[in-house]
Amino acid sequence: MHFVSRGLAALLLFSLSGPAWAQATTPPKPYGQSPERTERIRTRYTKFEYRIPMRDGTRLFTAVYVPNDAGPNKRYPILLMRTPYSVAPYGVDRYPAGISPSEEFEKEGFIVVGQDVRGRNMSEGEFVNVRPHKPKKAGPRDIDESTDTYDTIDWLVKNVPHNNGRVGQYGISYPGFYASAGAIDSHPALKAVSPQAPIGDWFWDDMHRHGAFNLALAFNFFSVFGKPRPQPTDKEDWEWFDHGTPDGYEFFLDLGPLSNADAKHLKGEVAFWKEIAAHPNYDSYWQARNILPHLKNIKAAVMTVGGWYDTEDLYGPLRTYDSIEKQNPGISNTLIMGPWQHGGWQGTEGSSLGDAEFGFKTSETYQALVLAFFKHHLKGGEKPDLPEALVFETGANRWRRFESWPPKGLREARLYFQPKGGLSFNKAPTGTAESFAEYVSDPDKPVPYTQELTAGWGKNYMAEDQRFASRRPDVLVFETEPLERDLTLAGPLEAELWVSTTGTDADWVVKLVDVHPGRPRGWKKGDAEKGLKNRGSQQTLVRGEPFRGRFRDSYSEPKPFKPGEVTKVRFVINDVFHTFQRGHKVMIQVQSSWFPFIDRNPQTFVPNIFEAKEGDFTRAFHRVYHSAAHPSAIKVGVLPSADE
């Protein structure tokens, strides 16, 4: 869901490459696609277009690409992707710049299928965002994405000539959600599924972070994607939202309270924005859009893919893998996590992101494995050498293989905040006097989430140098002494903060940062002239997570803070797998805004922040405590080295 053009949030374009129907825009020429590839597809494949009937009579528009040499003696498996982003270009004489995860798939030979999901583009019916799954179905009117997938596969294997009766399904981001849904109660012909950056629970993926609203992503996405489509249409162009400035920080700050988004810009045309605004808490509306507890009765092999630097869907792949593992014992279930942005395993070389470098083209590992995965399960090819979890260790820049994720044998530890900005492993403050760090949080001057000038959605901030933030007076900094030996953190983190505020609501943003030495190891005079970057003293973001304080006891029943009262705030931070090398420091930054990634908290408790007024926004003094009575800390999992 990376941002590709003004006004269209990253969610709309799940990858810079892949099938044209997976792309909702016409971005600059993406990695792996070219006019020459289009011509090669045309010479290798014949294109057909069908309207496939579902059990309730609704017909879904489907593009099918069949290898030209298919015949009675040469049958091919089917590779399916279902998408809300259009299977354009429409017309049997028009071919896209890619119809599969890579050109190697097209050389290998698959019957490639793309389908407009119900209610989108050329398909009939009503579109429902992340349509809730129905575990019990009484008749043909009880449809969901699992039944639409089942009916599609059933039709394809019975009607597309020269298929071998085996089907695979994949997709990134929103199409990743449809891949997950298609695996539920799966059709017998479905043998392999790869949900990639899948939406797992839409309150946690894309839309919110611990109840804090993803303003820039949601607004930019739904200002385009959310417009009504009353009738099937073959329109292939998107109408971009014009921010009037390249500066997203300026645009969203000038927007004012969230209620102005609809009044000033969306003009009542985006129904889903109204639904978001009407459901600020984790109520039954959002709970119904949690697919994770329904990932059952999966018979196909599964390979879930995600990126450590995915700014939209990091929660989804981690929880999807875990849910499938627990609810489908005995099936082949693999997790691949690389150092990638959203869809970067398919859309980029994966050799760097932002201010982090990984040393080699990490995406090639994925591209080889995903082809081997589908070849094995759909064509009887050699079994790929896949562990339970193949994960990239950032900081050390290497792939690691584990029997489970998180890996076994983690040692629990705590990073305790200390007076004067210290950070210490397993050493809680001992002073009897109360101790705290204090700062002023001003909604009129929120802390930016990135230095990148964009009205869209920055993709580099997940590995961006944080010195621009740590030098602000409204960002607290705690750091260790230089490490004497390498330190590897793995699995989820947990923030345990003791806080107080002069307001009645507050956000708390926690960032885990890798601080490089002032003089980088191995740096030589003349390296700058060679184009190498001196990363001395760089503060590289490893993971960041915001938390809306009103949800500290319940995500469905928020409550205000009592001004001045010391209160515990605890929340889980998405997994990491990162090595802080010796000589580096571990840093924790704490702040109360991350704009416009996250909307501004007015810091005055109102039942629904979407209805907050200008007068509700107020400056507040926030404290984070680090005393024996109130020891703020970050709980981590340490992966011991072989010599420990």
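Quick summary incoming for the structure in this document.

The rules we used
Residues numbered from 1 in each chain as written. Predicted model: local features only at pLDDT ≥ 70, side-chain atom pairs only at ≥ 80, totals over all residues. Heavy atoms only, no water. Salt bridge = Lys/Arg side-chain N within 4 Å of Asp/Glu carboxyl O. Buried < 20%, exposed > 50% of the residue type's maximum accessible area, 1.4 Å probe, protein only. Helix = DSSP H or I, 4+ residues; strand = E, 2+ residues; numbered from the N terminus. Contact = heavy atoms within 4.5 Å. Phe/Tyr/Trp six-rings, centres within 6.5 Å; stacked < 30°, edge-to-face > 60°. Lys NZ or Arg CZ within 6 Å of the ring centre and 35° of its normal. Pairing = 2+ DSSP bridges. Axes fitted to C-alpha atoms, helices over the stretch in contact; angles between N-to-C directions. Parallel < 35°, antiparallel > 145°, perpendicular 65-115°, else oblique. Nonpolar A, V, L, I, M, F, W, Y, C, P; charged D, E, K, R; others polar. Polar contact = N/O pair within 3.5 Å; in protein donor to acceptor, adjacent residues only side chain to side chain.

Under the criterion given, the structure shown has 41 salt bridges. Residues D144 and K137 are paired through a salt bridge, measuring 3.0 Å at the closest nitrogen-oxygen approach. The buried category is assigned to D144, whose relative accessible area is 0%. When the shortest N-O distance is used, the salt bridge between K227 and E239 registers 3.6 Å. Placement of K227 in the loop between α5 (215-225) and α6 (248-255) and of E239 in the loop between α5 and α6 is noted, with a sequence separation of 12 residues between them. With a relative accessible area of 30%, K227 lands in the partly exposed category. When its relative accessible area of 46% is taken as the criterion, E239 is described as partly exposed. Salt bridges sharing partners connect three or more residues here, namely D56, R82, R118, R131, E145 and D148.

Position of A261 among the secondary structure elements: in helix α7 (residues 259-266). For the pair A261 and W273, spaced 12 residues apart in sequence, the C-alpha separation works out to 9.2 Å. Among residues more than four places away in sequence, those in contact with A261 are F219, L255, L266 and W273.

Right, let's talk about the packing of aromatic side chains for a bit. Per the stated rule, a full pass over the model turns up 65 aromatic pairs. Consider the rings of F61 and Y90, whose centres lie 5.3 Å apart with planes at 75 degrees: the pair is edge-to-face. Separated by 29 residues along the polypeptide, F61 in strand β2 (residues 59-67) and Y90 in the loop between β3 (76-83) and α2 (103-108) bring together distant segments of the chain. Using a relative accessible area of 2% as the deciding quantity, one classes F61 as buried. Using a relative accessible area of 8% as the deciding quantity, one classes Y90 as buried. Plain terms: the ring middles of F221 and F222 are 4.8 Å apart, the flat faces sit at 65 degrees to each other, and that makes the pair edge-to-face. Taken as a pair, F221 and F222 share a single burial class, namely buried. The ring centre of F110 lies 5.2 Å from the NZ or CZ of K379, which sits over that ring.

What follows is about α5. Across the 11 residues of α5, 11 count as buried, placing the element largely inside the fold. Where α5 is concerned, the buried positions are L215, A216, L217, A218, F219, N220, F221, F222, S223, V224 and F225. Those residues of α5 hidden inside the fold are in contact with α4 (174-183), β8 (212-213), α6, α7 and α8 (271-278).

Taken together, the 4 strands give an open sheet; going across it, the order is β18-β23-β20-β21, and neighbouring strands pair in antiparallel fashion. Only two strands of the sheet have a single partner each, and these edge strands are β18 (476-479) and β21 (539-548). Direction aside, neighbouring strands of the sheet carry axes that sit 20 degrees apart on average. Pairing analysis gives 7 bridges linking strand β20 (residues 507-515) to strand β23 (residues 585-591), with the strands arranged antiparallel. Bridge pairing in β23 places L512 opposite I588.

Close contact between α6 and α7 brings their axes to 9 Å; oriented N to C, the two are set at 105 degrees. When the axis of α6 is compared with that of α7, the two are roughly perpendicular. Listed contacts from α7 to F251, D254 and L255 of α6 are N260, A261, K264 and H265. Residue classes in the contact of α6 with α7 are distributed as 3 nonpolar, 2 polar and 2 charged.

So, on to the side chain of D142. Tracing the backbone through its elements, the reader meets D142 in the loop between β4 (111-116) and α3 (145-159). Within polar-contact distance, the side chain of D142 engages the backbone nitrogen of A138 at 2.7 Å. The contacts of D142, once residues within four sequence positions are left out, are K134, K136, K137 and T147.

Before going further, it helps to examine the environment of S332. For S332, the location among the structural elements is in the loop between α10 (315-327) and β10 (333-338). C-alpha separation for the pair S332 and F251, spaced 81 residues apart in sequence, amounts to 47 Å. In contact with S332, other than residues within four places in its own chain, are A300, A301 and V302.

For the pair α3 and α4, the least separation of the axes is 7 Å and the interaxial angle reads 75 degrees. Classed by the angle they form, the pair α3 and α4 counts as roughly perpendicular. Here E145, S146 and T149 of α3 lie close against α4, whose contacting residues are F177, Y178, A181 and G182. Of the residues assigned to the contact of α3 with α4, the class counts are 3 nonpolar, 3 polar and 1 charged.

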